[in-house]
Amino acid sequence: AAAVASWAAPPTLAALGPACRGLGHAAREALGVLSRTFPRHIYVVGGLDDTKSRLASAERFQMGPNGQGEWHLEEERLPEPLSGASAASFPGGASLALCGGKTDAAQMGVPTLRAWDALAAPQSWVALAPLPGRVAHAAATVVGGRLFVCGGFDGMRYL
């Protein structure tokens, strides 16, 4: 059961708990730590639809205490249609930074230097300082209150 749980989503882990006393204790402890450590929201911003058109939508997954939840379409659309953008949440969910991505400036999409803060002002996207270079498909994270954007593609090469 532990091998299955290591690859399982939180609801599966919680469901496997009754099968084994040790696993049940570990599952309760792990789910408790996860729920205190990580925000209970997952954001999906932009992307491509089935016709390969870039999207200006933002969706939020609201996770419940048992690891299950539901998706919500955010009312505020992105400032422009994007695909390959990176997002990172600041501690406590006070801010969600959206960085780079490809725009419709050309047929294949052009990586952008733009960055936005989705939660700084209700129902709006606030422009942040431009990134040092154009990038799409990068990784973004927040460490020590600072936003880091790593790797990705600048339109010519992989970084």
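Below you will find a few notes about this structure. Fair warning: this is a prediction, and the values are worked out from it, not measured in the lab.

1. Concerning the overall build of the protein
At step 1: Counting secondary structure elements, the protein contains three helices and 11 strands.
At step 2: Its helices and strands in sequence order give the protein the pattern α-α-α-β-β-β-β-β-β-β-β-β-β-β, from N to C terminus.
At step 3: The contacts in the protein between residues at least 6 apart in sequence include a share of 34% that link residues at least 24 apart.
At step 4: Here the protein displays about 9900 Å² of accessible surface, and carbon together with sulfur accounts for 59% of that area.

2. Brief notes about the packing of aromatic side chains
At step 1: Within this structure, the stated rule accounts for two aromatic pairs.
At step 2: Considering the side-chain rings of phenylalanine 61 and tryptophan 71, the 5.2 Å spacing of their centres and the 55° angle between planes classify their relative orientation as tilted. Here the residue phenylalanine 61 occupies a position in strand S2 (residues 58-63), and tryptophan 71 occupies one in strand S3 (residues 69-73), the gap between them amounting to 10 residues.

3. Some remarks on the sheet that holds strand S5 (residues 96-99)
At step 1: In spatial order, the strands read S4-S5-S8-S9; together these four strands make up an open sheet with antiparallel pairing. Edge strands, defined here as strands with exactly one partner in the open sheet, are strand S4 (86-89) and strand S9 (126-127).
At step 2: Looking at chain direction, strand S8 (residues 115-117) and S9 are connected through two bridges and run antiparallel. Its bridge partner being in S9, tryptophan 116 is matched across the sheet by alanine 127.

4. A few points about the pairing of S5
At step 1: Alternating positions in S5 separate into two faces, Leu96 and Leu98 on one and Ala97 and Cys99 on the other, with burial throughout.
At step 2: By the bridge criterion, four bridges tie S4 to S5 in an arrangement that is antiparallel. Pairing of alanine 87 across the sheet is with leucine 98, part of S5.
At step 3: When S5 meets S8, the two strands line up antiparallel, connected through three bridges. Its bridge partner being in S8, cysteine 99 is matched across the sheet by alanine 115.

What counts, and at which threshold
- Residues numbered from 1 in each chain as written.
- Predicted model: local features only at pLDDT ≥ 70, side-chain atom pairs only at ≥ 80, totals over all residues.
- Heavy atoms only, no water.
- Helix = DSSP H or I, 4+ residues; strand = E, 2+ residues; numbered from the N terminus.
- Contact = heavy atoms within 4.5 Å.
- Areas by Shrake-Rupley, 256 points an atom, 1.4 Å probe, with all protein chains shown as cover.
- Phe/Tyr/Trp six-rings, centres within 6.5 Å; stacked < 30°, edge-to-face > 60°.
- Pairing = 2+ DSSP bridges.
- Buried < 20%, exposed > 50% of the residue type's maximum accessible area, 1.4 Å probe, protein only.

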